[in-house]
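Descriptive analysis of the structure
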Amino acid sequence: MLNFSREFFKTGNAATSFLENCLTLSTDKVANVRLVLCRLLPLLKSTLRLPNDRLKLQQLENIVRAFYSHDNDKEVNRAAEKVIKKLDQINIAVVSLSR
């Protein structure tokens, strides 16, 4: 992800957006897929900019909350607990609305 711009991960329609495709993996049946996504969430959050990405931020936070409280896999639960702490430490840039 370090070799691409933030916009690369967020632009396009739902079929082509890297971010959207990643977030849909939260409902994957394979626990290891959800586990990897959980660990990827802090990096994904760092690409977001407010207010434009407010809905994506809410979606990301809902996913980690669901992993922590509702996921059937204990490893995913533990990873979510750690990720929640990391997510809290990540500041999101705010884009000025006036130009």
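The structure displayed is predicted, hence computed values, not measured ones.

Put simply, helix H3 (residues 31–45) and helix H4 (residues 54–70) touch, their axes get as near as 11 Å, and they point 145° apart. In terms of crossing hand, the pair formed by H3 and H4 is left-handed. Residues Arg 34, Leu 37, Cys 38, Leu 41, Leu 44 and Lys 45 of H3 lie in contact with H4, whose contacting residues are Leu 57, Leu 60, Ile 63, Val 64 and Phe 67. Its residues assigned to classes, the contact of H3 with H4 shows nine nonpolar, no polar and two charged.

Moving on: H3. Helix length check: H3 (15 residues) gives 21 Å between terminal C-alpha atoms against 21 Å at 1.5 Å per residue, within 8%. Turning to H3, its buried residues are Ala 31, Arg 34, Leu 35, Leu 37, Cys 38, Leu 41, Pro 42, Leu 44 and Lys 45. In this structure, the buried side of H3 is in contact with helix H2 (18–24), H4 and helix H5 (74–89).

Looking now at the pattern of salt bridges. Applying the stated criterion to the full structure yields one salt bridge. As a salt-bridge pair, Asp 71 and Arg 34 come within 2.7 Å of each other at their nearest N and O atoms. Here Asp 71 is found in the loop between H4 and H5, whereas its partner Arg 34 is found in helix H3, with 37 residues between them in sequence.

All right, on to the environment of Val 30 then. One can find Val 30 in the loop between H2 and H3. In this structure Val 30 comes out as partly exposed when scored by relative accessible area, which is 44%. Between the C-alpha atom of Val 30 and that of Asp 73, which follows or precedes it by 43 residues, the distance is 9.7 Å.

Residues Arg 39, Lys 74, Arg 78, Lys 82, Lys 85 and Lys 86 make up a contiguous surface patch of positive charge. No other element matches the five residues that H5 contributes to the positive patch. Following the sequence through the fold, Arg 39 ends up in helix H3.

What counts and how
- Residues numbered from 1 in each chain as written.
- Predicted model: local features only at pLDDT ≥ 70, side-chain atom pairs only at ≥ 80, totals over all residues.
- Heavy atoms only, no water.
- Axes fitted to C-alpha atoms, helices over the stretch in contact; angles between N-to-C directions.
- Helix = DSSP H or I, 4+ residues; strand = E, 2+ residues; numbered from the N terminus.
- Left-handed = near helix turned anticlockwise from the far one by under 90°.
- Contact = heavy atoms within 4.5 Å.
- Nonpolar A, V, L, I, M, F, W, Y, C, P; charged D, E, K, R; others polar.
- Expected span 1.5 Å × (residues − 1).
- Buried < 20%, exposed > 50% of the residue type's maximum accessible area, 1.4 Å probe, protein only.
- Salt bridge = Lys/Arg side-chain N within 4 Å of Asp/Glu carboxyl O.
- Patch = residues over 30% accessible without salt bridge, like charges linked within 9 Å, V, L, I, M, F, W, Y side chains within 5 Å.
- Areas by Shrake-Rupley, 256 points an atom, 1.4 Å probe, with all protein chains shown as cover.
- Lys, Arg positive; Asp, Glu negative; His and termini not counted.
- Charge placed at Lys NZ, Arg CZ, Asp CG, Glu CD.

Such coordinate-based values are descriptive only and should not be taken to indicate function.
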